[in-house]
Amino acid sequence: MFSLLRKFGNLTDKFGRLRALSISIAAFVGLVLSGCGQSGMNIDNAPYVPKIVVEGYLYCGESVGGIKLMRNFPIGVPVDTSTLYLTPSADDVQATINGISLSFDPTTLTYFSKQINVGYGQTYTLDVSADVDGSKLHTTSTTTTPLEGFRIINKNMGSFTYNSALMSLTFLPSPGTDFYAFSIVPDTATTANFIYNNVFRNKLDSADVAKNLNDYEFNGAIEEGINSNAGTAFALPIRSDETWFYGKYTVVGYAGDSNFKDYVLTAPSVQEPDGNFHEPILIFKGDGIGVFASAIADTATFTITR
Amino acid sequence: MRRSRATTHSITSLGEVLIICLTLVSSLSAQQEKRATVSGFVYDKSTGETLIGATVFFKGTRLGSMTNNNGYFVISDVPVGEDTLDVSYLGYDRFMKRISVRPGGGRLLKISLIPKAYTIGEVLVTADSLSMAERAFKRPISTLELSQSQVNAIPKFIEPDLLRALESLPGITPISDFSSALYIRGGTPDQNLYLIDGAEIYEPEHAFGIFSTFNTDAIKRVMVSKGGFGAQYGDRLSSVIDVTELDGNTKKLEANANISLIAASATVQVPVSSFGSIAGSFRRTYIDQTYAKFIKDFPNYYFDDGNLTGKFQLDDRDNLTLSYFGSEDNLNYQFDKSSAQSPILNYNWGNNVASIKWDHIFGSKLLSDFLGSYSGFVSNFGLENLQAFNERNTISNYTLSESLRYYASNNTTLRFGAAYQKVGITYNLSTSDGAINFDGPTHKITGYAILSWQPDPLWDIEAGLRFEQFNSDKTFTHIDPRVAVKYRLSGTSSLKFATGIYHQYMDSVDRLFFASIWLPAGKYIDNSAATHFILGYDKQLGNIFELEANAYYKSYSNIDIYNQNLGAQAVPSYYLPNGNPVYTSDQNVFLNGNGKSFGLELLLRKDEGAVTGWVGYALSRTEYTFPAINQGNMFIPRQDRTSVINLVLNGDIGDILTGKWNEPVRKTASSWLLGLNFIFTTGQPITVPASVYFVNTLPAWDSYGSANQNLPNYQLYPGPIDNYRLPDYARLDLSITWKRDYGTWSLAPYLQIFNLGNRKNVWFIRYSSKSSNGEIVQNVKPVYMLPFLPSIGVTIKF
């Protein structure tokens, strides 16, 4: 190899300038071509593993209901929404909470049990088995409900002008529960009542808004890590980036257990700023993903006037 | 795992080793009385700058030395009589002079070398085989050195950039086009020790990580050790990047200026009387005064950096160097400039590094380097008109160090030193929902001893011990052995081996486009450790090429990765009166695990002749095992690249095209210079989602998606960590410079093209979905890195 390199070093002496010029140009063209084009991509072979997907919340003081059992799908393939929900008849679903079987409501495609009235500070274990893609899957998840205490104090917050610093919700926490999530959604969200002269993007037209209406419509706020044992009330300011429409808003607050917290804080943000993914914290044993959590819910309203 | 707790016994053992070494050195020294010592400095004749790494030998013998960072050399055990001293340095005329060596010696020589391009029209000699082979042998294993001209010759990404230039070397890779952070042999950027004139620097990057803070016009030399570094360096697991700034021209006023599309810079070197010089450099971007004025929504942003170095020769034996380096970034961005109420984002960060260095020569055999330095970093991030959000991150490092080098004989050198560092780290974040107040004062005491011994001309053995005691809210103490052995296989080839244990006591939370946050080891973060094994082979091929091959294995224990789910796992330390939490500890910030890197690197360099450059190839693999990641299974981290090919070529276009690659450098009044930089890497590992599922983020959002075709409740579930590889990366950069010399000044307009082939290299993958006719259609799109990007500029020198 070394002798070859030496020969290369003496290239010009042996073959003359013309040959050297040809080789130089050919090498350059080769380099340019190597650095050209579009790198091919195929992620169809990303390893898909079938899972039981759970979206289940237990609310203290209510019976068990609205539990969705679904399946996941491979990336990049069209999803037939009629196969999204797992049903007892099609997928051999068996679901229990603390050993009590859940019933299936074919209208809402959800599971419920009138026998279980969810209490404060109680532990509930969901156990589900189902056939997905020909595999018999099984999962369990346990939630401990918050203690009694959470409530929104100013349920009718009042009317405000846009970007008012006075918009604030006050709530009392549940002892021992340090995570609170608030859904802030306008009762009506259309391009007609959108706040076009907002402080963020005032050049939007109705077509831009219509394209991303959901993103403007559904907003949330989180209070976490707070001292819930002091017995003091907390103020949650409603900010201008959470209100994009004129009109009445409904705020639903949740005092969530640790499963609720882990899901909300980790599952929707698995893609990092540089595009890579990491694992969320999903509290399931076996073949389950999603959320099985408990909460105390309360509601408030406010209005943004023109 | 080689962490150990300090005990009285182990400290005593270190003392015993030092005493044994000193006794050995003294006895060896006593045998040398009949011989003489020759010592002195080697300078650049045109500027008066000392030359680092020049080889100084007595002709026809292996009796010689290499200049150190101060340009100083010592040759002991020189037989009394007349002999010819042969001095050479890359890019300079070889110097030979007959000198008379008298018993005892003690005479300080001052040798000035003439740069090759200094004399117009002359045909200059090329380096002789001895100097090239000796240069390779003297160089520590896995160590590369680049001069300012070599760094500047590599095609630039808009601005000259030291760190991006280093990415063209095998074993050194970036994570993407948008970052200049270096991943060296599988290590992460926080495992690299950055030194500027001996002072440590923590955030070597500007502009959201895109540009580095080092102004290449102010650099004299950069040394990169990719592993196996000696006991004089510590507190990092992977590598050392040691930047030496220009001393300044002691002969005449020298200046140059550079203007590019985004920045202007100037460097001035001024002699001070007959005993010193001052060199200053300043660079500032001006996009805030140009693009931001005319382009809507363009952020008001600029960065600047500068340095000032004064070097003064107090007498023949004392040199004093005062050095300052500073950098600053400022961003002000208003979401809607027409609205006074619109939120404003303010972000500024910067380094301030100052050092004082006093070099003293005791006799001719004992050298002392005293260094006092301060290195500070501050970043402030804030929002106005939205909610209370202010982040402040500071690092302050005060260092006092003393290094001694004793040339006991021509084949025995002892180096030893000690340092004290006080490092303070603060991180404060205040929001309407709570605060983070982290304050991490630390102290570090280090000491080292290195014995270099050449039992015969074929062998060069270096054995060192490094003592480190790091105190934060916990004390860590270690003694790390380091060994390096070199063996001459022939006159043109050598074999090298190095091994060592390394510890690190600080880790950084790396944030894309934002300054990293450093955290010290302590109660919740254990120190990290690594063990290096490196085998190297150097071969000189004729008088043209130099081949370097390195195989390495590096194991890591207790290394840290930022916990991406920290938000759900942070534990409040106490509460504010309003009940909001305050976090003061670094608990759960990192996930902890072990790993290893191994690989093979080949580098073929051509440093002499009309056309210079190198071809590099690296084959490597890095594996991590973290209990909390990938379900405890091994995974390949993102910095892993199986294969990397680098090609760098610089020279006169005419010489390149006509094949005059090996002819001597000639200086002409006008020339067209070409620079090429090609890189190919295997695609980087990335975690991709293995499946999609549909669960609302909040229970009340059940009607989400009903308004239009979007499906906001679309959630992605990741597959095995970093189990997928992005497509291979390739890029060719080109620079064309027309250089015109007008005698007392020169002009060099240039064109730089980044990604000449406009290759669409994938950065990451974006996912979205829409529902249509009872089907959910998923959309998977690659997001590409930087496209074809030309830039122009001009350099003026006088």
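Here the structure is a predicted model, which is why all the values come from computation and not from measurement.

J.: Could you give an account of the overall build of chain B, naming the residues involved and the relevant values?
T.: If you tally the helices and strands in chain B, you get seven helices and 48 strands. Evaluated residue by residue, chain B yields a buried proportion of 60% over its 798 residues. Element-wise, carbon and sulfur atoms account for 59% of the exposed surface of chain B, whose accessible area totals about 29,500 Å².

J.: Tell me about the overall build of chain A, and name the residues and values.
T.: A tally of helices and strands in chain A yields six helices and 19 strands. Looking at the 306 residues of chain A, the share that counts as buried comes to 50%. The contacts of chain A with a sequence gap of at least 6 include a subset with a gap of at least 24, amounting to 71%. Carbon and sulfur atoms form 52% of the exposed surface of chain A, whose accessible area is close to 13,300 Å².

J.: Which residues make up the sheet that holds strand 3 (residues 64–66) of chain B, and what are the values?
T.: All names here are of chain B. Strand order in the open sheet formed by four strands is 3-2-5-6, and the pairing between neighbours is antiparallel. Each having just a single partner strand, strand 3 and strand 6 (95–101) make up the two edges of the open sheet. Along the sheet, successive strands turn relative to each other by an average axial angle of 20 degrees, direction set aside. As judged from the four bridges shared by strand 2 (residues 55–58) and strand 5 (residues 81–88), these two strands associate in the antiparallel manner. Bridge assignment links Phe-57 to a residue of strand 5, and that residue is Asp-86.

J.: Explain the environment of B:Trp518 to me, using residue names and the numbers behind them.
T.: All names here are of chain B. Residue placement: Trp-518 occurs in strand 31 (residues 514–520). As for Trp-518 and Thr-426, which are separated by 92 residues in sequence, their C-alpha atoms are 8.9 Å apart. The contacts of Trp-518, once residues within four sequence positions are left out, are Asp-190, Tyr-202, Glu-203, Arg-236, Ile-395, Ile-425, Met-506, Asp-507 and Ser-508. Within the structure, the side chain of Trp-518 is placed 3.4 Å from the backbone oxygen of Tyr-202, a separation counted as a polar contact.

J.: Residue-level account of a nonpolar patch on the surface, with values.
T.: All names here are of chain B. Taken together, the side chains of Leu-253, Val-268, Val-270, Ile-278, Leu-308 and Tyr-324 present a nonpolar region at the surface, about 470 Å² in accessible area. Inspection of the secondary structure assignment puts Tyr-324 in strand 21 (residues 318–334). The exposure class assigned to Tyr-324 is partly exposed, which follows from its relative accessible area of 34%.

J.: Give a description of the packing of aromatic side chains that names residues and reports values.
T.: To describe a pair of aromatic rings, one takes the distance between the centres and the angle between the planes. Applying the stated rule across the entire model yields 48 aromatic pairs over all chains. Note on A:Tyr57 and A:Phe260: the rings are 5.3 Å apart at their centroids and 55 degrees apart in plane angle, and the pair reads as tilted. On the criterion of sequence distance, the pair formed by A:Tyr57 in strand 1 (residues 52–59) and A:Phe260 in helix 6 (residues 258–266) is long-range, its members being 203 residues apart. The structure contains a cluster of three or more aromatic residues connected by ring pairs, namely A:Phe194, A:Tyr196, A:Phe200, A:Tyr216, A:Trp244 and A:Phe245. Above the face of the B:Tyr302 ring, B:Arg284 is positioned so that its terminal group lies 3.9 Å from the ring centre. The ring of B:Phe137 carries the charged tip of B:Lys486 above its face, separated from the ring centre by 5.4 Å.

J.: For empty space enclosed by the protein, give the residues involved together with the corresponding values.
T.: Residues and elements named next belong to chain B. For the structure on display, the rule yields 15 cavities of 30 Å³ or more. By volume, the largest cavity is sized at about 150 Å³. Lining the largest cavity are 19 residues, and of these Pro-155, Lys-156, Phe-157, Arg-164 and Ala-165 lie nearest its centre. Of all the elements in the fold, those that place two or more residues in the lining of the largest cavity are helix 3 (148–153), helix 4 (162–166) and strand 44 (729–741). Among the residues making up the lining of the largest cavity, the classes are represented as eight nonpolar, four polar and seven charged.

J.: Go over the pairing of strand 11 (residues 192–196) of chain B with me, naming the residues and quoting the values.
T.: Residues and elements named next belong to chain B. The element strand 11 is largely enclosed, with a buried count of five among its five residues. Side-chain alternation along strand 11 places Asn-192, Tyr-194 and Ile-196 on one buried face and Leu-193 and Leu-195 on a second face that is also buried. With five bridges connecting them, strand 11 and strand 16 (residues 239–245) associate as parallel partners. Bridging across to strand 16, Asn-192 finds its partner in Ser-239. The pairing of strand 11 with strand 12 (residues 199–201) spans three bridges and is classified as antiparallel. If you follow Tyr-194 over to strand 12, its bridge partner there is Ile-201. Where strand 11 folds back on strand 12, the antiparallel hairpin that results is connected by two residues, among which Asp-197 adopts a positive phi of roughly 50 degrees.

J.: Report on the interface of chain A and chain B, specifying residues and quantitative values.
T.: If you look at the interface, chain A gives 106 residues, while chain B gives 105 residues. Of the roughly 8,400 Å² buried at the junction of chain A and chain B (both faces included), carbon and sulfur atoms supply 60%. For chain A, the biggest contributors to the area lost against chain B are A:Phe218, A:Phe277 and A:Glu279; these three give 8% of the whole. Applying the counting rule to chain A against chain B returns one salt bridge. The residue A:Asp274 makes a salt bridge to B:Arg638 at a minimum N-O spacing of 3.0 Å.

J.: Tell me about the environment of A:Asp105, and name the residues and values.
T.: Residues and elements named next belong to chain A. One can find Asp-105 in strand 7 (residues 103–105). Looking at Asp-105, the relative accessible area reads 24%, which means it is partly exposed. For Asp-105 and Gly-65, which are 40 residues apart along the polypeptide, the C-alpha to C-alpha distance reads 9.5 Å. A polar contact is formed between the side chain of Asp-105 and the side chain of Thr-108, at a distance of 3.2 Å.

J.: Let's hear about the sheet that holds strand 18 (residues 285–286) of chain A: which residues, and what values?
T.: Backbone-to-backbone hydrogen bonds pair the strands of a sheet. The strands run either parallel or antiparallel. Residue and element names in this part refer to chain A. If you walk across this open sheet you meet the five strands as 6-5-9-10-18, and the pairing is antiparallel. Two strands bound the open sheet, and with one partner strand each, they are strand 6 (100–101) and strand 18. Here ten bridges tie strand 9 (residues 123–132) to strand 10 (residues 135–144), and the two strands are oriented antiparallel to one another. Across the sheet, the residue bridging to Val-128 is Thr-139, located in strand 10.

J.: So, the nonpolar core: which residues are in play, and what are the values?
T.: Residue and element names in this part refer to chain A. Membership of the largest hydrophobic core comes to 142 residues, with the highest contact counts inside it found for Ile-97, Phe-260 and Phe-302. Broken down by element, the residue count for this core peaks at nine residues, all from strand 19 (residues 288–305). Beyond its immediate chain neighbours, meaning those up to four positions away, Phe-302 contacts Met-157, Gly-158, Phe-160, Met-167, Ile-184, Ile-238, Thr-243, Gly-247, Lys-248, Tyr-249 and Val-251.

J.: So, the side chain of B:Glu203: which residues are in play, and what are the values?
T.: All names here are of chain B. Structurally, Glu-203 can be placed in the loop between strand 12 and strand 13 (205–206). At 7.6 Å, Arg-511 is the nearest oppositely charged side chain to Glu-203, a buried residue that forms no salt bridge. Polar side-chain contacts of Glu-203 include one of 3.4 Å to the backbone nitrogen of Ser-516. Residues contacting Glu-203, with those up to four places away along its chain left out, are Thr-213, Asn-351, Phe-377, Ala-515, Ser-516 and Trp-518.

J.: Describe the side chain of B:Asp242, naming the residues involved and giving the relevant values.
T.: Residues and elements named next belong to chain B. Its location among the elements puts Asp-242 in strand 16. Here Asp-242 is buried and forms no salt bridge, its nearest opposite-charge partner Arg-221 lying at an N-O distance of 4.9 Å. In terms of polar contacts, Asp-242 uses its side chain to reach the side chain of Tyr-233, at 3.1 Å. Discounting residues that sit within four places of it in the chain, Asp-242 has contacts with Asn-69, Leu-195, Arg-221, Val-222, Met-223 and Tyr-233.

J.: Explain unusual backbone geometry to me, using residue names and the numbers behind them.
T.: All names here are of chain B. Positive phi is not limited to glycine here, since Asp-235 has a value of about 65 degrees. As for its position among the elements, Asp-235 is in the loop between strand 15 (219–225) and strand 16. Of note in the backbone geometry, Asn-758 takes a positive phi value of approximately 50 degrees without being a glycine. Counting through the fold element by element, Asn-758 comes out in the loop between strand 45 (746–754) and strand 46 (762–772).

J.: Break down the pattern of salt bridges for me, with residues and values.
T.: Per the counting criterion, the structure on display carries 38 salt bridges over all chains. Connected through shared salt-bridge partners, B:Glu49, B:Lys220, B:Asp247 and B:Lys311 make up one network.

J.: Would you mind going over helix 6 of chain A in detail, with residue names and values included?
T.: Of all nine residues making up helix 6 of chain A, seven are buried, and the element is well covered by its neighbours. For helix 6 of chain A, the complete set of buried residues consists of A:Asn259, A:Phe260, A:Lys261, A:Asp262, A:Tyr263, A:Val264 and A:Thr266.

J.: Quick one: what's the story with the confidence of the model for chain A, residue by residue and with numbers?
T.: Residues and elements named next belong to chain A. In the predicted model, chain A carries a mean pLDDT of 87, and the fraction of residues at 70 or more is 85%. When mean pLDDT is taken per element in chain A, strand 5 (residues 94–97) scores highest with 98 and helix 1 (residues 2–9) scores lowest with 41. Segment residues 1–15: pLDDT under 50, and 23 contacts once partners within four positions in sequence are set aside and those in other chains are kept.

J.: Summarise the confidence of the model for chain B; cite the residues concerned and give the values.
T.: All names here are of chain B. Averaged over chain B, the pLDDT score is 86; the fraction of residues at 70 or greater is 90%. Scored below 50 in pLDDT, residues 1–15 shows 22 contacts in the model against residues more than four places distant or in partner chains. Note on residues 17–32: pLDDT is under 50 here. Beyond four places in sequence and across chains, it has 17 contacts.

Reading guide: rules and limits
Residues numbered from 1 in each chain as written. Chains lettered and ligands numbered in written order. Predicted model: local features only at pLDDT ≥ 70, side-chain atom pairs only at ≥ 80, totals over all residues. Heavy atoms only, no water. Helix = DSSP H or I, 4+ residues; strand = E, 2+ residues; numbered from the N terminus. Buried < 20%, exposed > 50% of the residue type's maximum accessible area, 1.4 Å probe, protein only. Areas by Shrake-Rupley, 256 points an atom, 1.4 Å probe, with all protein chains shown as cover. Contact = heavy atoms within 4.5 Å. Pairing = 2+ DSSP bridges. Axes fitted to C-alpha atoms, helices over the stretch in contact; angles between N-to-C directions. Polar contact = N/O pair within 3.5 Å; in protein donor to acceptor, adjacent residues only side chain to side chain. Patch = residues over 30% accessible without salt bridge, like charges linked within 9 Å, V, L, I, M, F, W, Y side chains within 5 Å. Salt bridge = Lys/Arg side-chain N within 4 Å of Asp/Glu carboxyl O. Phe/Tyr/Trp six-rings, centres within 6.5 Å; stacked < 30°, edge-to-face > 60°. Lys NZ or Arg CZ within 6 Å of the ring centre and 35° of its normal. 1 Å grid on protein atoms, 1.4 Å probe; cavity = no way out; pocket = protein on both sides within 12 Å on 5 of 7 lines; lining within 4 Å. Points joined across faces, edges and corners; volume = space filled by probe spheres on them. Nonpolar A, V, L, I, M, F, W, Y, C, P; charged D, E, K, R; others polar. Buried area = accessible area lost by both parts, 1.4 Å probe. Core = buried A, V, L, I, M, F, W, Y, C linked by side-chain atoms within 4.5 Å. Lys, Arg positive; Asp, Glu negative; His and termini not counted. pLDDT = per-residue confidence, 0-100.

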